[in-house]
Amino acid sequence: MQFTRKHFDPASKGEPLAGDRVSCRFADARGRLSLYVYDPRLTLAINVALAAKRPLLLAGEPGCGKTSLARNVAKVLGWWYYQQTVSSRTQASDLLWEYDALRRLNDAYVRNRNVLPDHCYVEPGPLWWALAPDTAALRGWARMPLKHRLGDPGEAGEHNHALILLDEIDKAEPDVPNDLLEILDTRSFSVKNVPIRATREKTLVVLTTNGERELPGAFLRRCVTYRFPEADAAWFEEVAMRWLPEGNPQHHHDVAERLIAARDRARAAGQRMPGTAEYLDALHAFADLGLTVDSAEWREVEHCVFDKAMALDSAPGGR
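Conventions adopted
Residue indices begin from 1 for each chain and proceed along its sequence in written order. Only residues with pLDDT of 70 or above have their local features reported here, since the model is predicted, and side-chain atom pairs are shown and tallied only from 80 upward, although totals for entire chains, interfaces and linings are computed over all residues. Excluded from the side-chain calculations are hydrogens and water; all other atoms, namely the structure's heavy atoms, are used. Think of it this way: any DSSP run of H or I at least four residues long counts as a helix, any run of E at least two long counts as a strand, and we number them from the N terminus. Relative accessibility decides the category of a residue: with a 1.4 Å probe and only protein chains considered, values under 20% of the type maximum give buried, values over 50% give exposed, and everything between is partly exposed. Here, residues are in contact when the closest pair of their heavy atoms is within 4.5 Å. All accessible-area figures derive from a Shrake-Rupley calculation using a 1.4 Å probe, and residue coverage is judged against the displayed protein chains alone. Axis definition: a line fitted to C-alpha atoms, limited for helices to the stretch in contact. Angles are taken between N-to-C directions and run from 0 to 180 degrees. Our angle categories are set so that under 35 degrees counts as roughly parallel, over 145 as roughly antiparallel, 65 to 115 as roughly perpendicular, and the remainder as oblique. Here a crossing is taken to be left-handed if its near helix is turned anticlockwise relative to the far helix by less than a right angle, and right-handed if that turn runs clockwise. Strand pairing is assigned whenever DSSP detects at least two bridges linking the two strands. Along the arc lie the directions from the helix axis toward the C-beta atoms. Counted as salt bridges are all cases of a side-chain nitrogen of Lys or Arg within 4 Å of a carboxyl oxygen of Asp or Glu. Centre distance within 6.5 Å is the pairing criterion for rings of Phe, Tyr and Trp, where only the six-membered ring of Trp is used; planes under 30 degrees apart are then read as stacked, over 60 as edge-to-face, and the remainder as tilted. The patches reported here contain residues having more than 30% relative accessible area and no salt bridge. Joining distances are 9 Å for like charges and 5 Å for nonpolar side chains (Val, Leu, Ile, Met, Phe, Trp, Tyr). Residues are grouped as follows: Ala, Val, Leu, Ile, Met, Phe, Trp, Tyr, Cys and Pro are nonpolar; Asp, Glu, Lys and Arg are charged; all remaining types, including Gly, are polar. The span one expects for a helix is its residue count, reduced by one, times 1.5 Å. N or O atoms closer than or at 3.5 Å make up a polar contact, with two conditions inside protein: a donor-capable atom paired with an acceptor-capable one, and, for residues adjacent in sequence, both atoms drawn from side chains.

## Examining the overall build of the protein
1) Next: Scanning the protein for helices and strands turns up 13 helices and 12 strands.
2) Next: Split into buried and exposed, the 319 residues of the protein put 44% on the buried side.
3) Next: Pairs at least 24 apart in sequence give 71% of the contacts found in the protein among residues at least 6 apart.
4) Next: Element-wise, carbon and sulfur atoms account for 51% of the exposed surface of the protein, whose accessible area totals about 16700 Å².

See the structure below:
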């Protein structure tokens, strides 16, 4: 697939692989590993989102790599990175700011202590930091050193550019994605009736969905969407070689074949299919405990790691 990688080119920071794919591997200051293999379709989707200045919606089953992709993209770009996991209780305003009413009430009761202006009790949220970090720094964070402020700087020092991940947006109530539309379109919002406009030159909003709840049509129309293809055994084996290069390739193959069989069982039963996380857990157990795929112990590991959703549903009190 030939196209101009004008905005995002993983080859600039990664290792070329067969099939025009690229592997990008990073370790942050805390020693956390970020590794991703980009295929041409995924690279194109990221470039389209950046060119169109639209949010990038990543759709796929749990464990397919949606969340880890966002941090890796930020590393390749050298942009600031922010992340917020959405829950059923999340409101759009929670992503922008929170008001610390308890601290204000405490200040009011402390003898000889004046109540501070309202803006001092506003705690900026990740979306505010991603869009307008200069005003976010003035809302209760003005005296904090930069290293303690929210966010993770990229390698290239592009401090005026940021990527924010809103993880599992499908868990939110339907009005939350719609409430985000105006904020993302206008790049502005209000805090305590004070208008705030984005000051970042570029901000890429990445959202993920596991498909647990249908997203509003108006929201989908404003996103560039990339759906992860269903993985096969060869794909899982490649993941193993990247994450566990010291491992035995035959073991990687054997466990991947068992994983695919477990996924078929889960699909037939209408249950969540095991994915990358379960595969890597099984490989660690396989290597650490000295198992073989034909041992009784391995069958038990397979049951409690790959078939755990089905096991829970069939247990007393299950669905």
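## Things to note about the packing of helix α10 (residues 249–269) against helix α11 (residues 276–288)
Two quantities define a packed helix pair, namely the angle between the axes and the distance from one axis to the other.
1) Next: Two elements in contact, α10 and α11, have axes separated by 10 Å at closest approach and are oriented at 135°. In terms of orientation, α10 lies oblique with respect to α11. Considering how the two elements wind past one another, α10 and α11 form a crossing that is right-handed. Residues His-251, His-252, Val-255, Ala-256 and Leu-259 of α10 touch α11, and the partners they reach there are Tyr-279, Ala-282, Leu-283 and Phe-286.

## Section: the pairing of strand β9 (residues 188–191)
1) Next: Two strands pair when backbone bridges link them, and β9 and strand β10 (residues 194–197) are joined in this way by 4 bridges, in the antiparallel orientation. In the strand pairing of β10, Ser-188 is matched with Arg-197.
2) Next: Once β9 ends, the chain turns through 2 residues before running back antiparallel as β10, passing Lys-192 with a positive phi of about 50°.

## Looking at the environment of Thr-203
1) Next: Within the secondary structure, Thr-203 sits in strand β11 (residues 202–209).
2) Next: Along the sequence, Thr-203 and Trp-79 sit 124 residues apart, while their C-alpha atoms lie 9.0 Å from each other.
3) Next: In contact with Thr-203, not counting residues within four places along its chain, are Ala-130, Leu-131, Ala-162, Ile-164 and Arg-187.

## Observations regarding helix α12 (residues 296–305)
1) Next: Taken as a whole, α12 has its buried residues at Trp-298, Val-301, Glu-302 and Val-305. On an axial view of α12, the arc spanned by its buried residues comes to 100°, and they lie on one face.

## Comments concerning the pattern of salt bridges
A side chain with one charge may pair with a side chain of the opposite charge, provided their charged atoms come close.
1) Next: For the structure on display, the rule yields 12 salt bridges.
2) Next: A salt bridge links Glu-238 to Arg-21, with the nearest nitrogen and oxygen atoms 2.7 Å apart. Of this pair, Glu-238 sits in helix α9 (residues 233–243) while Arg-21 is found in the loop between β1 (15–16) and β2 (22–27), placing the two residues 217 residues apart along the sequence.
3) Next: Between Arg-265 and Asp-307 there is a salt bridge, and its shortest N-O distance comes to 2.9 Å. Residue Arg-265 is located in helix α10, and its partner Asp-307 is located in the loop between α12 and α13 (308–314); the two are separated by 42 residues in the primary sequence.
4) Next: For Arg-265, a relative accessible area of 32% puts it in the partly exposed group.
5) Next: Take Asp-307: its relative accessible area is 12%, and that puts it in the buried class.
6) Next: Here the residues in one salt-bridge network are Glu-230, Arg-263, Asp-264 and Arg-267, joined through shared partners.

## Side note on the packing of aromatic side chains
1) Next: This model, assessed by the stated rule, comprises 9 aromatic pairs.
2) Next: Pairing Tyr-36 with Tyr-38 gives two aromatic rings, centres 5.5 Å apart and planes at 50°, and the pair type is tilted.
3) Next: Residues Phe-286 and Trp-298 carry aromatic rings whose centres are separated by 5.5 Å and whose planes lie at 75° to one another, so their mutual orientation is edge-to-face. Taken together, the residues Phe-286 in helix α11 and Trp-298 in helix α12 connect sequence positions 12 residues apart.

## Some thoughts on a nonpolar patch on the surface
1) Next: Side chains of Leu-102, Leu-105 and Tyr-109 sit close together on the surface and give an oily, nonpolar patch of about 410 Å² of accessible area.
2) Next: The topology assignment puts Leu-102 in helix α4 (residues 101–109).

## Structural notes on the packing of α11 against α12
1) Next: Packing of α11 against α12 leaves a shortest axis separation of 10 Å and a crossing angle of 155°. Between α11 and α12, the crossing angle belongs to the class labelled roughly antiparallel. Considering the relative orientation of α11 and α12, their crossing is right-handed. Here Glu-278, Asp-281, Ala-282, Ala-285 and Phe-286 of α11 lie close against α12, whose contacting residues are Trp-298, Val-301 and Val-305.
2) Next: Among the residues forming the contact of α11 with α12, the class breakdown is 6 nonpolar, no polar and 2 charged.

## A word on helix α1 (residues 40–52)
1) Next: With 13 residues, α1 extends 18 Å from end C-alpha to end C-alpha; this agrees with the ideal 18 Å at 1.5 Å per step.
2) Next: Of all the residues in α1, the buried ones are Pro-40, Leu-42, Thr-43, Ala-45, Ile-46, Asn-47, Ala-49 and Leu-50.
3) Next: In this structure, the buried side of α1 is in contact with β3 (33–38), β4 (56–59), α2 (66–77), β5 (79–85), β11 and β12 (224–227).
4) Next: A distance of 3.1 Å separates the backbone nitrogen of Arg-41 from a side-chain oxygen at the start of α1, and that oxygen is part of Asp-39.

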